[in-house]
Amino acid sequence: MKNYIYLFALLLSSFLFSQVGIGTTSPTETLEVNGTTKLHQNNKIYLENPGYYSGTSGSSSLMVKDINTNELKKFDPATANFASVYFTSYFFDNVGAAGLSSYDTKIDASKYYVSVGGFIVLKSDGSTSISIEGTTTTNGTNNYFPLYSARAFVQNGTWHLKFQPNNNRVFESQVDIYLNVSIYRKNLLTNAENAPIVLDFQNGTTGTAPAPSL
Amino acid sequence: MKTYFLILSLFLTFTLSFSQVGIGVTNPTQMLEVDGGHIYVGDDFYIMNSIGSYSGDDTGFHIIAADPNSQSKGEPLNGELIEFYGNQELLPITIQAYEIKNVRYHKLQDLNLQIPSDKYVISLSNFEAIPSSGNLGLYRVSRNTSGFFNTFQNFTYSNFVIETSEVGSNWHVRIEAPNVSLSHNTSWTYTYKFDIIIFPKRFFKNLGSLQYNLNGNKNGAASNTPAGL
């Protein structure tokens, strides 16, 4: 009898069971825990062969560690109270003929980076034929077409939007302006504080910029 | 003999169940608690869907990842679970602002960004053109003065191009009106400001350019979603 118990203890200590359940009486996997698992400090967990994810992008969750509770949690942008990138479309109705010079979005420049992508400019009645004022003399401004600024810029700590024809040109009437805007959360970006790369072309047409910090 | 059969039957089913287990821990407070050593999982590792969602702010978490080149006891042992510090890697995007001064006429014909195109995909946004003093703009290509009763004057302006492209192994930018007349004033220059949004290919995929022939129609439909989406 004593020998048998000894044998039992010996086998138990070698942990050679094929299926172990903790908190469950019917494990279906090699080790199955029904309850919380805690790994003490300085001990590691290795997943030697967890496999590769091959499903669609919408069916997986990123895993994160809550640094306040040390809990492993899933990251779900749909329920989180912030996202990494926001996309929005601004519609400015009845903008004066000079275009949009500065619109304060109130978006905090210390937390976010804002960039204007595409834009649409319409007449304020919704029609698409936009005119720019100019003069028709031999060297009048009608001989030139102005470029434009479609840009988000920082002023007094917040992001402002502008869309203007430059060269001091103005639209012939009031306009409606749509701006597609991307808003990036700065502290989640790999690099959001890179200084602008400034390059002087010195009246040339080609150049090479230094590689940015990536 | 009775005990013997009990032990035998136990090992025949190869199943054990415990309530609270400590490994290297004498008084476990959790269902499973491990200390004094590492856990190795050689096969799949499942976490039930009922695990909580993170609900804190954007500074209270670290992303967890498996290190494919980890070591243990001096030997390669893949898959050590690690957390990212500082850079969250949640948004592996770099935004780089550019300011290109004194571009001849308006012709930024080629700017080599020195961003390797095998590793990154880029997009350009936040464009601003700032003319030099006295610069009225881009000169027209032609003007039709024989309009209806000569009351209309039709001006033909060149198209204006903002383009990013892969040249050699790097991304390049081109911003110009390629066909505009340069005959007017050659001392005018532009300063161009723009942002380049840089997406690493280890997270993002470039679908390349998609070409459809609309055969003169005004509407079209792709036969499929873009390949690779």
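Residues numbered from 1 in each chain as written. Chains lettered and ligands numbered in written order. Predicted model: local features only at pLDDT ≥ 70, side-chain atom pairs only at ≥ 80, totals over all residues.

Undergrad: For this particular structure, what's the right way to read the environment of G56 of chain B?
TA: Take G56 of chain B: it is sitting in the loop between β4 (39-41) and β5 (61-67). If we ignore the near neighbours within four places in the chain, the residues touching G56 of chain B are D66 and N68 of chain A together with F61 of chain B. (Helix = DSSP H or I, 4+ residues; strand = E, 2+ residues; numbered from the N terminus. Contact = placed C-beta atoms within 7 Å.)

Undergrad: Looking at this structure, I do not really get the nonpolar core. What am I missing?
TA: L179 of chain A together with I100, L108, L113, L138 and Y192 of chain B are the most contacted members of the largest nonpolar core, which has 52 residues in total. Excluding its chain neighbours within four sequence positions, the residues that come into contact with Y192 of chain B are I100, V103, L108, A129 and I175 of chain B. Residues I22 and L39 of chain A together with V21 and V34 of chain B belong to the second largest nonpolar core, which totals six residues. (Core = buried A, V, L, I, M, F, W, Y, C linked by C-beta atoms within 7 Å. Buried ≥ 20, exposed ≤ 12 C-beta atoms within 10 Å, placed from the backbone.)

Undergrad: Would you take a moment to explain the environment of D195 of chain B for this structure?
TA: Mapped onto the secondary structure, D195 of chain B falls in strand β17 (residues 189-200). When the 24 C-beta atoms within 10 Å are taken as the criterion, D195 of chain B is described as buried. In this structure, D195 of chain B is in contact with S115 of chain A together with I95, Q96, A97, S125 and N126 of chain B, ignoring residues within four places of it in sequence.

Undergrad: Would you take a moment to explain the sheet that holds strand β15 (residues 161-167) of chain B for this structure?
TA: Two pairing modes exist for strands in a sheet, parallel and antiparallel, and in both the strands are linked by backbone hydrogen bonds. Spatially, the four strands line up as an open sheet ordered β16(A)-β10(B)-β16(B)-β15(B), and their pairing is mixed. Since the sheet does not close on itself, it has two edges, and those belong to β16 (206-208) of chain A together with β15 of chain B, each with one partner. Between one strand and the next, the sheet's axes are offset by a mean angle of 20°, whatever the strand orientation. Two strands pair when backbone bridges link them, and strand β10 (residues 108-116) of chain B and strand β16 (residues 170-176) of chain B are joined in this way by four bridges, in the antiparallel orientation. In the sheet register, L108 of chain B faces β16 of chain B, and the bridge partner there is I175 of chain B. (Pairing = 2+ DSSP bridges. Axes fitted to C-alpha atoms, helices over the stretch in contact; angles between N-to-C directions.)

Undergrad: Before we go on, may I ask you to explain the interface of chain B and chain A in this structure?
TA: With 98 residues of chain B at the interface, the matching set in chain A holds 95 residues. Ranked by residue count, the leading element in the side of chain B that touches chain A is strand β9 (residues 91-104) of chain B, at 14 residues. Split into classes, the residues belonging to the side of chain B that touches chain A amount to 47 nonpolar, 34 polar and 17 charged. Pairing analysis gives three bridges linking strand β4 (residues 45-47) of chain A to β4 of chain B, with the strands arranged parallel. Directly across from I45 of chain A, in β4 of chain B, lies its bridge partner I39 of chain B. (Nonpolar A, V, L, I, M, F, W, Y, C, P; charged D, E, K, R; others polar.)

Undergrad: Got a minute to help me understand the sheet that holds strand β3 (residues 32-34) of chain B in this structure?
TA: Taken in spatial order, the three strands make up an open sheet running β3(A)-β3(B)-β2(B), and their pairing is parallel. Of all strands in the sheet, those bounded by a partner on one side alone are β3 (37-39) of chain A together with β2 (21-23) of chain B. On average, each strand axis in the sheet is tilted by 10° relative to the strand beside it, whichever way the strands run. Inspection of the sheet shows β2 of chain B paired to β3 of chain B by three bridges, in the parallel sense.

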